Amino acid sequence: MNRLWPCTRITAISAAFGTLFALTLTSATSYADGHRGDNDKAERAVQTRQSALKLMGFYMGPLGAMARGRVPVDLAVIENNAIRIASLAPMLKETFKSDTRGAEVETEALDVIWEQWDKFTTNADATEEKATALATLAAAGSEDGIRQAIGAVGKTCGGCHDDFREDDD
């Protein structure tokens, strides 16, 4: 089997995800601009970013279980999930561009996201970088350093949760 080098696959998948997402977001935004009020636009923005975050959680969950030793390490699953997370990370910046402060929508996003936009995007970039490194490590076929690499991805995710999301208490 002729496998593409992991970075090539990551780039191709990222481009495909990005293009599809951008087209969907552009279509939805164009419709929203012409046919909806401000709160409806904010609600759509919140739903879109929550969808991206739920997908990231879906792919991160099994990685965390492997890092904690709850399930056996599966390098194929790690590579796949890390590629997905690396592809979704840039979408966070896109989906959070719509500043929903002051809108009457239910969200756990804190105002500090837009007040400290550079910090937020730096964290999203770090998540993408760490996920790409994890995918590359998994593709190499060795478990050496895998748990630490998963932890590095989790740390960037947790950093956003700590700084930019309302506590779930």
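Given the structure is predicted, the values throughout are model-derived calculations rather than measurements. (Residues numbered from 1 in each chain as written. Predicted model: local features only at pLDDT ≥ 70, side-chain atom pairs only at ≥ 80, totals over all residues. Heavy atoms only, no water.)

Colleague: Residues and numbers for the confidence of the model for the protein chain, please.
Modeller: Summary statistics for the protein chain give a mean pLDDT of 85 and a share of 78% for residues scoring 70 or more. For the protein chain, per-element mean pLDDT is lowest for helix α1 (residues 6-35), which scores 52, and highest for helix α4 (residues 112-115), which scores 96. Note on residues 1-5: pLDDT is under 50 here. Beyond four places in sequence and across chains, it has 4 contacts. In this model, residues 30-35 is a region of pLDDT below 50 whose contacts with residues beyond four sequence positions or in other chains number 3 contacts. (pLDDT = per-residue confidence, 0-100. Helix = DSSP H or I, 4+ residues; strand = E, 2+ residues; numbered from the N terminus. Contact = heavy atoms within 4.5 Å.)

Colleague: Tell me about helix α5 (residues 117-139), residues and numbers included.
Modeller: Taking 1.5 Å per residue as the helical rise, α5 with its 23 residues ought to reach 33 Å, and the 33 Å between its terminal C-alpha atoms agrees with that figure. Inspection of α5 places Phe120, Thr121, Asn123, Ala124, Thr127, Ala131, Leu134, Ala135 and Ala138 among the buried residues, and these make up the whole buried set. Phi for Gly141, located one or two positions after α5, is positive at around 85°. (Expected span 1.5 Å × (residues − 1). Buried < 20%, exposed > 50% of the residue type's maximum accessible area, 1.4 Å probe, protein only.)

Colleague: Any details on the packing of helix α2 (residues 38-67) against helix α6 (residues 146-164)? Residues and values, ideally.
Modeller: Two elements in contact, α2 and α6, have axes whose closest approach is 9 Å; the angle formed by their N-to-C orientations is 135°. Taken together, the axes of α2 and α6 are oblique relative to one another. As for how α2 packs across α6, the hand of that crossing is left-handed. Across the interface between the two elements, Met60, Leu63, Gly64, Met66 and Ala67 from α2 touch Arg147, Ile150, Val153 and Gly154 from α6. Its residues assigned to classes, the contact of α2 with α6 comprises 6 nonpolar, 2 polar and 1 charged. (Axes fitted to C-alpha atoms, helices over the stretch in contact; angles between N-to-C directions. Parallel < 35°, antiparallel > 145°, perpendicular 65-115°, else oblique. Left-handed = near helix turned anticlockwise from the far one by under 90°. Nonpolar A, V, L, I, M, F, W, Y, C, P; charged D, E, K, R; others polar.)

Colleague: Let's hear about the pattern of salt bridges: which residues, and what values?
Modeller: Inspection of every chain in the model, using the stated rule, returns 6 salt bridges. Across the pair Asp99 and Arg101 runs a salt bridge, and its minimum N-O distance is 2.4 Å. Notably, a salt bridge pairs Glu108 with Arg165, separated by 3.8 Å at the nearest N-O pair. Of this pair, Glu108 sits in the loop between α3 (75-95) and α4 while Arg165 sits in the segment after α6, and the two are 57 residues apart along the sequence. Of the residues examined, Arg165 reaches a relative accessible area of 29% and is grouped as partly exposed. A network of salt bridges, in which partner residues are shared, links Asp99, Arg101 and Glu115. (Salt bridge = Lys/Arg side-chain N within 4 Å of Asp/Glu carboxyl O.)

Colleague: Explain the packing of α3 against α5 to me, and be specific about the residues and the numbers.
Modeller: Any two packed helices are characterised by how steeply their axes cross, that is the angle between the axes, and by the distance between the axes. At a minimum axis distance of 8 Å, the contact between α3 and α5 shows a crossing angle of 160°. Looking at the two axes, α3 sits roughly antiparallel to α5. Considering only the axes of α3 and α5, their crossing is left-handed. Partitioning the contact of α3 with α5 into residue classes produces 17 nonpolar, 3 polar and 4 charged.

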